[in-house]
Amino acid sequence: MAAKETIISPSLLSCDFSRLADELKALEEAGLKWAHLDVMDGKFVPNITFGPPVIKSMRKECNLFFDCHLMIEQPERYIDEFCDAGADLLCIHAESTVHLERAVAAIAEKGVKPAIALNPATPLESIKYLIPQLHMVLIMSVNPGFGGQKYIPFCTQKVRDLRAMIDEMGADTLIQLDGGVTMENCRELVEAGADVLVSGSAFFKYPPYAERHKLFLETCAG
């Protein structure tokens, strides 16, 4: 059994963009608390998605916790814009900026929860000293940039190692998994130490959302 209820953060990258406001309301009505917003710039990752104006528009449509994942180069250039647009949490990649601590501090100064994402091959040691400052660490379990990819198996051990690191520090930092999360592997990921699971196609392709959410939580709990 999981020690606490897992948070499911559906990735809006897999929702129906032509009905974005309706999708947000449907998630809220289904009992979801978080929504994962993938921001891509075409440089740090190949794809381009959306930016602060779209997030600002979405913010007016719901009260979901906006879990904003910035897959962009030099994210410090846009911290104010994303925070002001309505992000509740701003997650930046360790690989995307030279001055990582400065960027984390800038997010916190805006009153938004700071988080750091790590690509699959990026070692945990690169953020070890920042963990006490972070609300969350995002372990990418696929290489970022595209939805629908298969889970990279070694990331499960990476979650276990991160959980041990956080516990040893006595921190309350959350662990999020993003990439290839399915009904088949979600329990294993929670048992490894994940608190928040991002699910795109494995969530949105199986409406009604309330039932899918319930099934995810039940499966994670064992």
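Residues numbered from 1 in each chain as written. Predicted model: local features only at pLDDT ≥ 70, side-chain atom pairs only at ≥ 80, totals over all residues. Heavy atoms only, no water.

- An unreviewed UniProt entry lists the chain under the name Ribulose-phosphate 3-epimerase, with Maridesulfovibrio salexigens given as the organism.
- What the UniProt record of the chain gives under Pathway (unreviewed entry) is the line "Carbohydrate degradation." (UniProt positions renumbered as here; feature names shortened; annotations may be inferred.)

### Focus on the UniProt feature "binding site: substrate" (unreviewed entry) in the chain
Logical step 1: Within this structure's numbering, the places UniProt gives as "binding site: substrate" (unreviewed entry) are Ser11, His69, Gly145, Phe146, Gly147, Gly148, Asp178, Gly179, Gly180, Gly200 and Ser201.
Logical step 2: Mapped onto the secondary structure, aspartate 178 falls in strand E7 (residues 174-178).
Logical step 3: Its relative accessible area of 10% is what places aspartate 178 among the buried residues.
Logical step 4: Leave out the neighbours within four places in its chain, and aspartate 178 touches His36, Asp38, His69, Leu138, Ile139, Met140, Ser141, Val142 and Val198. (Helix = DSSP H or I, 4+ residues; strand = E, 2+ residues; numbered from the N terminus. Buried < 20%, exposed > 50% of the residue type's maximum accessible area, 1.4 Å probe, protein only. Contact = heavy atoms within 4.5 Å.)

### Side note on helix H8 (residues 209-221)
Logical step 1: With 13 residues, H8 should cover 18 Å at 1.5 Å per step; its first-to-last C-alpha distance of 18 Å lies within 8% of that length.
Logical step 2: Among the residues of H8, those classed as buried are Tyr209, Arg212, His213, Phe216, Leu217 and Cys220. For H8, the angular spread of buried residues about the axis comes to 130°, placing them on one side. Opposite the buried face of H8, by more than 90 degrees, sit the exposed residues Glu211 and Lys214. (Expected span 1.5 Å × (residues − 1). Arc of directions from axis to C-beta.)

### Focus: the pattern of salt bridges
Logical step 1: Going through the model one piece at a time under the given rule, you end up with 9 salt bridges.
Logical step 2: Here glutamate 61 and lysine 25 are joined by a salt bridge, their closest N and O atoms 3.5 Å apart. Taken together, the residues span a long stretch of sequence, with glutamate 61 in the loop between helix H2 (52-59) and strand E3 (65-71) and lysine 25 in helix H1 (residues 20-29) at a distance of 36 residues.
Logical step 3: Glutamate 61 gets classed as partly exposed once you look at its relative accessible area, which sits at 30%.
Logical step 4: Taking relative accessible area as the criterion, lysine 25 reaches 36% and is therefore assigned partly exposed. (Salt bridge = Lys/Arg side-chain N within 4 Å of Asp/Glu carboxyl O.)

### Here's the deal with helix H4 (residues 100-109)
Three or four residues apart is the spacing at which side chains of an α-helix point the same way, because the helix has 3.6 residues per turn.
Logical step 1: When we look at burial in H4, the residues that qualify are Leu100, Ala103, Val104 and Ile107. Projection of H4 onto a plane perpendicular to its axis shows the buried side chains occupying an angular sector of 100°, all on one side. Turned more than 90 degrees from where H4 packs its buried face, Arg102 and Glu109 sit exposed.
Logical step 2: Looking at the buried residues of H4, the elements they touch are helix H3 (79-85), strand E4 (89-93) and strand E5 (113-118).
Logical step 3: In the stretch just after H4, glycine 111 is the one whose phi turns positive, near 80°.

### Considerations on the sheet that holds strand E6 (residues 136-140)
Logical step 1: Taken together, 8 strands build an open sheet; the order of strands is E1-E8-E7-E6-E5-E4-E3-E2 and the sheet is parallel. The open sheet has two edge strands, strand E1 (7-10) and strand E2 (34-40), and neither has a second partner. Along the sheet, successive strands turn relative to each other by an average axial angle of 25°, direction set aside.
Logical step 2: The strands that H2 touches are E2 and E3; relative to E3, the one it contacts most, it runs at about 170°. (Pairing = 2+ DSSP bridges. Axes fitted to C-alpha atoms, helices over the stretch in contact; angles between N-to-C directions.)

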